Amino acid sequence: MSSFFRRKGKQKPYIKLWLGVADGPTWQPGSLAIALENLLLSGKMASNVEAPERWYLALLGFAEHFRTSSPPKIRLCVHCLQAVFQFKPPQRIEARTHLQLGSVLYHHTKNSELARNHLEKAWYISQQVPQFEDVKFEAASILSELFCQQNLVDSAKPLLRKAIQISQQTPYWHCRLLFQLAQLHTLEKDLVSACDLLGVGAEYARVVGSEYTRALFLLSKGMLLLMERKLAEVHPLLTLCGTIVENWQGNPIQKESLRVFFLVLQVTHYLDAGQVKSVKPCLKQLQQCIQTISTLHDDEILPSNPADLFHWLPKEHMCVLVYLVTVMHSMQAGYLEKAQKYTDKALMQLEKLKSNPILSTFQVILLEHIIMCRLVTGHKATALQEISQVCQLCQQSPRLFTNHAAQLHTLLGLYCISVNCMDNAEAQFTTALRLTTHQELWTYIVTNLASVYIREGNRHQELYSLLERINPDHNFPVSSHCLRAAAFYIRGLLSFFQGRYNEAKRFLRETLKMSNAEDLNRLTACSLVLLGHIFYVLGNHRESNNMVVPAMQLASKIPDMSVQLWSSALLKDLNKALGNTMDAHEAAQMHQNFSQQLLQDHIAACSLPEHNLISWTDGPPPVQIQAQNGPTTSLASLL
């Protein structure tokens, strides 16, 4: 909260507008599509004190001293502000004091009813005082936040609408209140109303000559259109935004932050579509852009147009966001060591920053990605502990849990597959399907659930029902290139288990064609080793070797422990069949090493108390996890 005083000679600070990454399920675990659903406002403007009495300045000075003490002495601060009313102050001072009291109580105490009482009085009195916009609209803004905190959304909406209606001659507040109401509709998942408001804001900003804030409104609208999958509307809007951003001449940091916002939308759009190779130029531009921003210094020279008094995100938050989308790209592409490196950097950056709702979202999404990396690279015990960490974060924020519950159960389902607990995997995926309405995440879950049914071998009716809904040859439910390629792989896997080898080869070659087109390395490795296995079964050892060797090389590069285990077993048998005794011995030794690593990790994971999370399928995450005696699953069938 800013100082009660407007210090002489000190300019009004920027208001930082946090347009956050999507909390809700907007990708398969680990996609960001996620991303950007919230329009979070922060930053408070100090107000002028016109013709103050000496007693008022004295009490205000004491209040500010107590508020900024270390630690803050909020009770004494409140007492000083309440003492102002003993002097029967004029309306301007009375309204401002009610606002200051309401703000202090709202931000520093749990006395929301008293805070609401003061803010309502500030809003009511300030409307009777001419040219008192800052107090009037800040009271409306904070009061609507308090209403939302108390789940009184139906009280917040008309308050904001009225404030928007009477603020048209005050560009800064009119834009800020439009953003705030759009944020409220976004949190309610009413994206149509939010888009309409952002469109109104963009036109208003154009009329008052603020191309910068017009771009912010349009980019925010583009973010929501991406979430709604209205791609026909997104493409022309992003083209217009790109033109505005490039042509706008102003504060360098503001210009670069617009460019980061624009590029983040482009990158997440590509990643959501599973186009890992196509996104590389945009991702490179984004990384260069954040490097440029990190070298710029904010000289605090304020723009002449009050409608330009907004930031999208602080530089430090943008840096974490760029790390995050880089991790997303690395995960989809199968560069798992790179994904872990950037996750570590992002988490280190987060540790340096103050706790914040949008940063908590970033942290959860980063952990979701790194958990999948651990499962692939054979670090299940670490993955399980990080799943427990996500549970703890979600315990602290009901909204975070609501938006990430489906992803959390999906991660548990993937863990269950890795430790061969197929019944638990089915229960986790079924729970995740019940909790999500997001098509990409739904398709990802169904694809993994189908793999569970294939491995169980006796769930034909359920399996065929699922496969009909993710048929890659026609009416595939989403536009994701990556998910469609994965659906072809699942078809190939089923055909392999059923002994229909020619059909399996057709599906797997389609997977290879799609995965090679977009550098989906893990799908490529899985398809190669399965094709190698088919050729081995058919007795075509040379062709099998031509598939398995590159599969092993690619799996080592990722590194994917399961594919390396599978490939080394095939290489052992292939080299025996081909009479290559030394190569067969080397492959057998590799297979033994991978088996031991996986077995040790399997025992470690199943021995953790967090392993009991595999039985959690209802309600919020358990607060405490009871330890168990030892592993309850077998690695035999996995090996």
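Computed from a predicted structure; not experimentally measured.

> Before we move on, could you go through the overall build of the protein chain and cite the residues and values that matter?
For the protein chain, the count of helices and strands is 26 helices and three strands. When burial is assessed residue by residue, the protein chain has 58% of its 639 residues classed as buried. Of the contacts formed within the protein chain by residues at least 6 apart in sequence, a portion of 68% connects residues at least 24 apart. Roughly 26,800 Å² of accessible area belongs to the protein chain as shown, and the carbon and sulfur atoms make up 51% of that amount.

> Can you lay out helix 4 (residues 112-126) for me, pointing to particular residues and giving the numbers?
Here helix 4 is 15 residues long and its end C-alpha atoms lie 21 Å apart, about the 21 Å a rise of 1.5 Å per residue gives. Along helix 4, the positions that sit buried rather than exposed are Ala 115, His 118, Leu 119, Ala 122, Trp 123, Ile 125 and Ser 126. Residues of helix 4 that are buried sit in contact with helix 3 (91-108), helix 5 (133-149) and helix 6 (153-165).

> Explain the pattern of salt bridges residue by residue, including any values.
Applying the stated criterion across every chain, the model contains 20 salt bridges. Across the pair Glu 246 and Arg 259 runs a salt bridge whose closest N-O atoms are separated by 3.2 Å. Separated by 13 residues along the polypeptide, Glu 246 in helix 10 (residues 231-247) and Arg 259 in helix 11 (residues 252-272) bring together distant segments of the chain. Residues Glu 510 and Lys 513 are paired through a salt bridge, measuring 3.3 Å at the closest nitrogen-oxygen approach. Of this pair, Glu 510 and Lys 513 both sit in helix 22 (residues 501-517), separated by three residues, roughly a single helical turn. A relative accessible area of 22% places Glu 510 in the partly exposed class. One continuous salt-bridge network, built from bridges that share partners, spans Glu 426, Glu 456, Arg 459 and Glu 462.

> An account of the environment of Gly 457 is needed here, citing residue identities and associated values.
Along the chain, the position of Gly 457 falls in the loop between helix 19 (439-456) and helix 20 (460-469). With a relative accessible area of 40%, Gly 457 lands in the partly exposed category. Between the alpha carbons of Gly 457 and Gln 498 there is a distance of 9.6 Å; along the sequence they are 41 residues apart.

> Account for unusual backbone geometry, naming residues and giving values.
Of the consecutive residues Ser 70 and Pro 71, the connecting peptide bond is found in the cis state with omega at 0°. By the element assignment, Pro 71 lies in the loop between helix 1 (54-67) and helix 2 (74-83). A cis amide bond, omega -10°, links Ile 558 with the succeeding residue Pro 559. One can find Pro 559 in the loop between helix 24 (541-557) and helix 25 (561-577). The backbone phi angle of Asn 420 is positive, close to 65°, even though this residue is not glycine.

> Now, about the packing of helix 21 (residues 481-497) against helix 23 (residues 521-537): what can you tell me, with residues and values included?
Between helix 21 and helix 23, the shortest axis-to-axis distance is 11 Å and the interhelical angle comes to 20°. In terms of orientation, helix 21 lies roughly parallel with respect to helix 23. In the packing of helix 21 onto helix 23, the handedness of the crossing is left-handed. For the pair formed by helix 21 and helix 23, the contact residues are Cys 482, Ala 485, Ala 486, Tyr 489, Gly 492, Leu 493 and Phe 496 on the first element and Leu 523, Cys 526, Ser 527, Leu 530, His 533 and Ile 534 on the second. Its residues assigned to classes, the contact of helix 21 with helix 23 shows ten nonpolar, three polar and no charged.

> Please set out the confidence of the model for the protein chain residue by residue, giving values where relevant.
When the pLDDT values of the protein chain are averaged, the result is 87; 89% of them are 70 or greater. Counting contacts from residues 1-51, a segment whose pLDDT is below 50, to residues more than four positions away or on other chains yields 221 contacts. When the criterion is pLDDT under 50, residues 628-639 qualifies, and its contacts beyond four places in sequence or with other chains add up to 29 contacts.

> Outline the nonpolar core, supporting the account with residue identities and numerical values.
In this structure, Leu 286 and Tyr 415 are the most contacted members of the largest nonpolar core, which totals 217 residues. Among the elements that take part in this core, helix 15 (residues 357-377) stands out by supplying 13 residues, more than any other. Sequence-distant contacts of Tyr 415, that is, excluding residues within four places in its chain, are made with Leu 375, Lys 380, Leu 384, Ile 387, Ala 605, Cys 606, His 611 and Ile 614.

> Outline the packing of aromatic side chains, listing residues and values.
Throughout the structure, instances matching the rule amount to 14 aromatic pairs. Ring geometry for Trp 55 against Tyr 56: centres 6.1 Å apart, planes inclined by 70°, an arrangement best described as edge-to-face. Between Trp 55 and Phe 87 the ring centres are 4.4 Å apart and the planes differ by 5°, which places this aromatic pair in the stacked class. Here Trp 55, found in helix 1, pairs with Phe 87, found in the loop between helix 2 and helix 3; they are 32 residues apart in sequence, far enough to count as distant. On the basis of relative accessibility, which here comes to 44%, the residue Phe 87 falls in the partly exposed class. Taken together, Phe 137, Tyr 172, Trp 173, Phe 179, Phe 217 and Phe 310 form an aromatic cluster joined through their ring pairs.

> Can you explain the side chain of Arg 67? Please cite residues and give values.
Within the secondary structure, Arg 67 sits in helix 1. At 3.1 Å, the side chain of Arg 67 forms a polar contact with the side chain of Glu 64.

> Quick one: what's the story with helix 20, residue by residue and with numbers?
Listed as buried for helix 20 are Leu 463, Leu 466 and Leu 467. In a view along the axis of helix 20, the buried residues occupy a sector of 100°, so they form one face of it. Facing away from the buried side of helix 20 by over 90 degrees, the exposed positions are Gln 461 and Glu 468.

Here is what the cut-offs are and how they apply
- Residues numbered from 1 in each chain as written.
- Predicted model: local features only at pLDDT ≥ 70, side-chain atom pairs only at ≥ 80, totals over all residues.
- Heavy atoms only, no water.
- Helix = DSSP H or I, 4+ residues; strand = E, 2+ residues; numbered from the N terminus.
- Buried < 20%, exposed > 50% of the residue type's maximum accessible area, 1.4 Å probe, protein only.
- Contact = heavy atoms within 4.5 Å.
- Areas by Shrake-Rupley, 256 points an atom, 1.4 Å probe, with all protein chains shown as cover.
- Expected span 1.5 Å × (residues − 1).
- Salt bridge = Lys/Arg side-chain N within 4 Å of Asp/Glu carboxyl O.
- Axes fitted to C-alpha atoms, helices over the stretch in contact; angles between N-to-C directions.
- Parallel < 35°, antiparallel > 145°, perpendicular 65-115°, else oblique.
- Left-handed = near helix turned anticlockwise from the far one by under 90°.
- Nonpolar A, V, L, I, M, F, W, Y, C, P; charged D, E, K, R; others polar.
- pLDDT = per-residue confidence, 0-100.
- Core = buried A, V, L, I, M, F, W, Y, C linked by side-chain atoms within 4.5 Å.
- Phe/Tyr/Trp six-rings, centres within 6.5 Å; stacked < 30°, edge-to-face > 60°.
- Polar contact = N/O pair within 3.5 Å; in protein donor to acceptor, adjacent residues only side chain to side chain.
- Arc of directions from axis to C-beta.

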